[in-house]
Amino acid sequence: MQIVEQIRSCTLCAKTLPQGANPVVQASSKAKVLIAGQAPSLTVHKTGKLFNDASGKRLRSWLNVTEEQFYDPELFAIVPMAFCYPGRGNSGDLPPPAICAKTWHHALLAKLTNVNLTIIIGQYAQRYHLDASSGLTEQVQNWQALLPKRIVLPHPSPRNQAWLKRHDWFEQQVIPALQARVKILL
């Protein structure tokens, strides 16, 4: 898709990003599942491969898919709210710059006409895709009302281990439903 190549060539924020611009996106007009995330990590910035870290390993486990399936753009579109690593803040990575979504998301998402499930990860993606003001836990608990078209997940980062332990219902109820939906679509 031409829009994907345009995004990968973008240097709009290059001067404001600590590592410079290296837009990373995975998308095809044939994609069946959209993973709407936050922004690439420093590891992703260096490798050019989204969720190429411990978070990706956990996410693939939650989806019950192979790495080959996950990185097939005809199966999964992976569209973060910002396509470049935003840099490090006091308590983790900085928020994704809003200009990225404003510039690219409408046109890119319009091309993803075969998507039948949007997996929303992180508060910025949650606000954009759900226009939601409620917190993560409330949105994740709302999974039955959102499926089969959408679902909110906590970030699969190892840093969220405490949230996962406090909310054991997530892996007992939500993950099996998510896996069943993904299996149907793939």
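Check the entry above for the structure.
Residues numbered from 1 in each chain as written. Predicted model: local features only at pLDDT ≥ 70, side-chain atom pairs only at ≥ 80, totals over all residues. Heavy atoms only, no water.

## Some words on the state of the cysteines
Working definition of a disulfide: a covalent bond connecting the sulfur atoms of two cysteines.
So, step 1. Inspection of every chain in the model, using the stated rule, returns 0 disulfides.
So, step 2. Cys-13 forms no disulfide, and the closest cysteine sulfur to it belongs to Cys-100, at a distance of 6.3 Å. (Disulfide = S-S within 2.5 Å.)

## A closer look at the sheet that holds strand β5 (residues 117-121)
So, step 1. An order of β2-β1-β5-β6 is seen for the 4 strands of this open sheet, with the pairing classed as parallel. Where the open sheet ends on each side, the last strands, each with one partner, are β2 (76-80) and β6 (150-153). Ignoring strand direction, the axes of neighbouring strands in this sheet form an average angle of 20°.
So, step 2. With 4 bridges joining them, strand β1 (residues 33-37) and β5 adopt parallel strand pairing. Following the sheet pairing, Ala-36 is matched in β5 by Ile-120. (Pairing = 2+ DSSP bridges. Helix = DSSP H or I, 4+ residues; strand = E, 2+ residues; numbered from the N terminus. Axes fitted to C-alpha atoms, helices over the stretch in contact; angles between N-to-C directions.)

## Considering the side chain of Gln-139
So, step 1. As for its position among the elements, Gln-139 is in helix α7 (residues 136-141).
So, step 2. Among residues more than four places away in sequence, those in contact with Gln-139 are Gln-126, Leu-130, Ala-132, Ser-134, Leu-146 and Val-152. (Contact = heavy atoms within 4.5 Å.)

## Description of the packing of helix α3 (residues 54-63) against helix α10 (residues 169-185)
So, step 1. The geometry of α3 relative to α10 is characterised by a closest axis approach of 7 Å and an angle of 75° between their N-to-C directions. Relative to α10, the element α3 lies roughly perpendicular. Taken together, the residues of α10 that come into contact with α3 (itself represented by Ser-61, Trp-62 and Leu-63) are Phe-170, Glu-171, Ile-175, Leu-178, Gln-179 and Val-182.
So, step 2. A class-by-class count of the residues in the contact of α3 with α10 yields 6 nonpolar, 2 polar and 1 charged. (Parallel < 35°, antiparallel > 145°, perpendicular 65-115°, else oblique. Nonpolar A, V, L, I, M, F, W, Y, C, P; charged D, E, K, R; others polar.)

## Quick notes on the packing of aromatic side chains
So, step 1. As enumerated under the stated definition, the model contains 6 aromatic pairs in all.
So, step 2. A centroid spacing of 5.0 Å and a plane angle of 90° characterise the contact between Phe-70 and Tyr-71, whose relative ring orientation is edge-to-face. Each member of the pair Phe-70 and Tyr-71 is classed as buried.
So, step 3. Between the aromatic rings of Trp-163 and Phe-170, the centroid separation amounts to 5.7 Å while the plane-to-plane angle is 75°, which identifies the pairing as edge-to-face. One exposure class covers both Trp-163 and Phe-170, and it is buried.
So, step 4. An aromatic cluster is present here, built from Phe-51, Phe-70, Tyr-71 and Phe-76 joined pairwise through their rings. (Phe/Tyr/Trp six-rings, centres within 6.5 Å; stacked < 30°, edge-to-face > 60°. Buried < 20%, exposed > 50% of the residue type's maximum accessible area, 1.4 Å probe, protein only.)

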